[in-house]
Amino acid sequence: MPRVVKHTAESDSDYSVKGSDEERRGRGGGGGAPSNLNKDDISRMVSDVVLYCLVTDQRKALIKRSDIVKQCNLGKGLSKVEVDRVMDQVERHFMDTFGLRLQEKEDRRGVFMLVNTISEAAGQGNIQWSDTETAQMGITFAILGLVFMSGGRVTDETLLRFVRNLGLVGEEGRGRKGEQGVGVELEVSQMFDGDIKRFVNDTLVSKQQYLRRTRVVEVEGEQYEYSWGERAEAEVKKSTVLKFVCELYGCRPRMFAEQFDIVKQEEGEEALESDEEEEQG
């Protein structure tokens, strides 16, 4: 399931830079000019960047390198090589300390997102979620499951029908906060900012990148399709989705041949071996 990893500012306060003085002075592809930064300078900048990224990631927003340079004062007298050196240390710190990967988007150079690399089982019991966070993670996982089990794409009409069946959208197709006659509990509606469709398009598509929304050009009128976004591809295992669906239906993963083959190709057949063996036993 997609997980929002919570952090506190104290996590970075005593960060120490790894590597030798020679590394800090001389790293960089073409052997650029020696760095004027000392260990304390780099440590302070790394801490500033880590904190900025963690705060930004609380909203699962994209992180722009230009914003990092501006907000963390990396542009004042630093060369590109020196900024790259700081960012390298930031990436290492995220992975070693938080189990997060600072991943650059494939289609937007200089734009990053923090991707969780810790398995759900390993992190279980360490974090307490609010009701809103639990609800939002639940619907995100459910929609990703719908997309995966539907061949990788669903239309906006199919998605709307799905969330309506879950009781998140009223008969008129709306779910705004406090609106009368739409059949959605106010408390439930507020968990998704008052409008589940806006939550899907603004949050899951635009901000968090769990979903990708593309317009269908082969049909008349305005119609869209949803598929897994870049964050989902990097963070969510398809084997987890398939296992969850199989638990609901009480069947073996091989019953869904197309999805089973995708998981086997991307993660290896061993990703589902334990489930297959339990069924056979």
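In the block above lies the structure referred to throughout.
Residues numbered from 1 in each chain as written. Predicted model: local features only at pLDDT ≥ 70, side-chain atom pairs only at ≥ 80, totals over all residues. Heavy atoms only, no water.

### Details of a nonpolar patch on the surface
To be explicit about the condition: Two distance rules govern patches: like charges are joined within 9 Å, and nonpolar side chains (Val, Leu, Ile, Met, Phe, Trp, Tyr) within 5 Å, applied only to residues with over 30% relative accessible area and no salt bridge. To measure how exposed things are, a 1.4 Å probe is used in the Shrake-Rupley method; for residues, cover is taken only from the protein chains shown. One side-chain nitrogen of Lys or Arg within 4 Å of one carboxyl oxygen of Asp or Glu is enough to make a salt bridge. Think of it this way: any DSSP run of H or I at least four residues long counts as a helix, any run of E at least two long counts as a strand, and we number them from the N terminus.
Residues Phe244, Leu248 and Tyr249 make up a contiguous nonpolar surface patch of about 380 Å² in total accessible area. Note on placement: Tyr249 falls in helix α11 (residues 238–249).

### Focus on the pairing of strand β3 (residues 111–116)
Note the cut-off: Working definition: with a 1.4 Å probe on protein chains only, accessible area under 20% of the residue-type maximum means buried, over 50% means exposed, and in between means partly exposed. Here a strand pair is declared whenever DSSP counts at least two bridges between the two strands.
For β3, the buried fraction is high: six of the six residues fall into the buried class. Every second residue of β3 is oriented toward a common face, with Val111, Met113 and Val115 on one face and Phe112, Leu114 and Asn116 on the other, all of them buried. Across two bridges, strand β1 (residues 63–64) lies against β3 in antiparallel orientation. When the sheet's bridge partners are listed, Ile63 is paired in β3 with Phe112. Sheet topology note: the strand β2 (residues 100–104)/β3 ladder contains five bridges and is antiparallel. Note that in β3 the partner of Leu100 across the bridge is Asn116. Where β2 folds back onto β3 in an antiparallel hairpin, the turn is made up of six residues, including Gly110, whose phi is positive at roughly 85°.

### Overview of unusual backbone geometry
Despite not being glycine, Asn73 shows a phi value in the positive range, around 55°. Of note, Asn73 is situated in the loop between α3 (65–71) and α4 (80–98). Residue Asn73 is classed as partly exposed on the basis of its relative accessible area, which comes to 44%. Within the chain, Gln209 stands out as a residue other than glycine whose phi angle is a positive 65°. Positionally, Gln209 belongs in the loop between α9 (196–207) and β5 (211–215). Relative accessible area serves as the criterion here: at 12%, Gln209 is assigned to the buried category.

### A word on the sheet that holds β3
Convention followed: Working rule for contacts: check all heavy atoms of both residues, and any pair within 4.5 Å makes them a contact. For helices, the axis comes from a line fit to the C-alpha atoms of the stretch in contact; other axes are also lines fit to C-alpha atoms, and the angle between any two N-to-C directions lies between 0 and 180 degrees.
Strand order across the open sheet formed by three strands is β1-β3-β2, with antiparallel pairing between neighbours. A single partner strand is all that each edge strand has here, and the edge strands are β1 and β2. Along the sheet, α4 contacts β2 and β3; its crossing angle with β2, the most-contacted strand, is approximately 140°.

### Some points on the packing of aromatic side chains
The line we're drawing: What counts as a ring pair is set by centres within 6.5 Å for rings of Phe, Tyr and Trp (its six-membered ring), and what kind of pair is set by the plane angle: stacked under 30 degrees, edge-to-face over 60, tilted for all other angles. The criterion for a charge sitting over a ring is simple: Lys NZ or Arg CZ within 6 Å of the ring centre, and within 35 degrees of the ring normal.
Overall, the coordinates contain five aromatic pairs when judged by the stated rule. Each ring, one from Phe192 and one from Phe199, has its centre 5.4 Å from the other, and the planes form 65°; the classification is edge-to-face. For the pair shown, Phe192 and Phe199 are each scored as buried. One Lys or Arg, Arg213, reaches over the ring of Tyr224 and ends 3.6 Å from the middle of that ring. Taking NZ or CZ as reference, Arg231 lies 5.8 Å from the ring centre of Tyr210, over its face.

### Remarks on the environment of Leu102
Secondary-structure assignment places Leu102 in strand β2. Separated by eleven residues in the primary sequence, Leu102 and Glu91 have C-alpha atoms spaced 5.8 Å apart. Excluding residues that lie within four positions of it along the chain, Leu102 makes contacts with Ile63, Met87, Val90, Glu91, Phe112, Met113 and Leu114.

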